[in-house]
Amino acid sequence: MDRRNFVKQSGLLMAGTLVPFSGFAMNRTNKYKMGLQLFTIRDAMERDPIGSLKTVRALGYEDLEIYGYDGENGTYYGFKSAEFKQILDDHQLTTSSGHYGLFEYFDKSDEALERYVDQCIAGAKILNQRYITWPWLAPNFRTLENFKILSQKLNTIGEQVNKAGLGFAYHNHGFEFEDLGGETGYDIILRETDPSLVKFQIDFYWVMHSAKQSPAKFIADQPGRYVMWHIKDMDKITRDYTELGNGSIDYNDILPHAERSGLEYYFLEQGGNFAKDSLQSITDSAAYFKENLQKYL
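In this text, all values refer to a predicted model and were calculated from it rather than measured experimentally. (Residues numbered from 1 in each chain as written. Predicted model: local features only at pLDDT ≥ 70, side-chain atom pairs only at ≥ 80, totals over all residues. Heavy atoms only, no water.)

Just give me the short version of helix α6 (residues 185-192), but keep the residues and values in it.
Turning to α6, its buried residues are Gly185, Tyr186, Ile188, Ile189 and Leu190. Where α6 is buried, its residues meet α5 (144-163), β7 (167-171), β8 (199-203), α8 (215-221) and β9 (226-231). (Buried < 20%, exposed > 50% of the residue type's maximum accessible area, 1.4 Å probe, protein only. Helix = DSSP H or I, 4+ residues; strand = E, 2+ residues; numbered from the N terminus. Contact = heavy atoms within 4.5 Å.)

Structure below.
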């Protein structure tokens, strides 16, 4: 199941929870909150959103990146925006960014896109999010010309979002780094978007998996623009997703670039290929991250 197809309305809440939550608090000395992209546990969020959030907080995660917003109904995971904000508050959780379904409007009218962006802004403001993030582009639109069109749409959305007092960012996968006759889609987006309007959420897994240059080089070329990070690991053999610490990405080399990057928020994520299940994977990744990598952030 992907972000596009995830159910927008959650079912009835389950009474039980997986991990007890009782006044849990961290004595945090780090500059940044440890974040989680909730897409990692999309199966658990579908079954029991409140219980899943309780588990997430008990593991030490403090900040979230959401997905699956229903703009027409103003809901997240089946809850009205204000209700979902209260649930987050009750569990001492924040959300700084959301992956919104902007890509679904790539071939729609400018008016339809503008209307949806207004819906996203309304939801993001209720949740007190800092960023609205464009997360995807459908395979049939991944051409040289369409990346140029996308760049202009990103500028337009960025202007609309910025005027509302929020930030706007683009999230990469691997397809942006495919060669399109001497340049890549990412080359075009970097070149043709306005740095004052469009920031970037760099997914380190996909850069290491598919790009020809390192994360450090991207950051050095456009310092201050990579305001959000996705941190996840890559299986040493299959190159699929894996839990942090099990894979081949040396984050001891990447994470010290936070200041130059312009980092504001980061989110641990695992798109699939769980050793056991998604909740166990975020447990294992959190433990490894806190023990070995959180010192950098």
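On we go from here.
Can you explain the pairing of β7? Please cite residues and give values.
Across the five residues that make up β7, a large majority, five, are buried. Of the two faces of β7, the one lined by Gly167, Ala169 and His171 and the one lined by Phe168 and Tyr170 are each fully buried. As paired strands, strand β6 (residues 131-134) and β7 are joined by four bridges and run parallel to one another. Residue pairing for β7: Thr133 is matched across the bridge by Ala169. Crossover handedness for the path β6 to α5 to β7: right-handed. As paired elements, β7 and β8 share three bridges and run parallel to each other. Its bridge partner being in β8, Tyr170 is matched across the sheet by Phe200. The parallel pair β7 and β8 is bridged by α6, and the resulting crossover is right-handed. (Pairing = 2+ DSSP bridges. Right-handed = clockwise from strand over helix to strand, strands pointing away.)

Could you give an account of unusual backbone geometry, with specific residues and numbers?
Unusually for a residue other than glycine, Gln92 sits at a positive phi of about 55°. Mapping Gln92 onto the fold places it in the loop between α3 (81-90) and β5 (94-99). A positive phi is found at Asn273, a non-glycine position, where the angle reads about 55°. With respect to the secondary-structure elements, Asn273 resides in the loop between β12 (265-268) and α11 (278-292). The class for Asn273 is partly exposed, based on a relative accessible area of 39%.

Now, about the pattern of salt bridges: what can you tell me, with residues and values included?
By the definition in use, this model includes ten salt bridges. Residue Arg47 is joined to Asp43 by a salt bridge in which the shortest nitrogen-to-oxygen separation is 3.7 Å. Of this pair, Arg47 and Asp43 both sit in helix α1 (residues 42-47), separated by four residues, roughly a single helical turn. (Salt bridge = Lys/Arg side-chain N within 4 Å of Asp/Glu carboxyl O.)

Can you break down the packing of helix α4 (residues 110-127) against α5 residue by residue, with the values?
Contact geometry of α4 with α5 gives a least axis separation of 10 Å together with a crossing angle of 40°. Classified by the angle between their axes, α4 and α5 sit oblique to one another. At the point where α4 passes α5, the crossing takes the right-handed sense. Residue-level contacts link Asp110, Leu113, Glu114, Val117, Asp118 and Ile121 of α4 to Lys153, Ile157, Gln160 and Val161 of α5. Classifying every residue of the contact of α4 with α5 gives five nonpolar, one polar and four charged. (Axes fitted to C-alpha atoms, helices over the stretch in contact; angles between N-to-C directions. Parallel < 35°, antiparallel > 145°, perpendicular 65-115°, else oblique. Left-handed = near helix turned anticlockwise from the far one by under 90°. Nonpolar A, V, L, I, M, F, W, Y, C, P; charged D, E, K, R; others polar.)

Run through the packing of α5 against α6, naming residues and quoting values.
Direction vectors running N to C along α5 and α6 enclose 35°, while the axes themselves pass 9 Å from each other. In terms of crossing hand, the pair formed by α5 and α6 is right-handed. Judged by residue contacts, Leu144, Phe147, Lys148, Leu150, Ser151, Gln152, Leu154 and Asn155 of α5 engage Gly185, Ile188, Ile189 and Glu192 from α6. Class assignment of the residues belonging to the contact of α5 with α6 gives a composition of six nonpolar, four polar and two charged.

So, α4: which residues are in play, and what are the values?
Think of an α-helix as 3.6 residues a turn; residues three or four steps apart then line up on the same face. A rise of 1.5 Å per residue sets the reference length of α4, with its 18 residues, at 26 Å; its end C-alpha atoms lie 26 Å apart and thus fit the reference within 8%. Of the residues making up α4, those classed as buried are Leu113, Tyr116, Val117, Gln119, Cys120, Ile121, Gly123, Ala124 and Leu127. Where the residues of α4 are buried, they touch β3 (75-76), α3, β5, β6 and α5. Note on α4: the residue one or two positions beyond its end, Asn128, has a positive phi of about 65°. (Expected span 1.5 Å × (residues − 1).)

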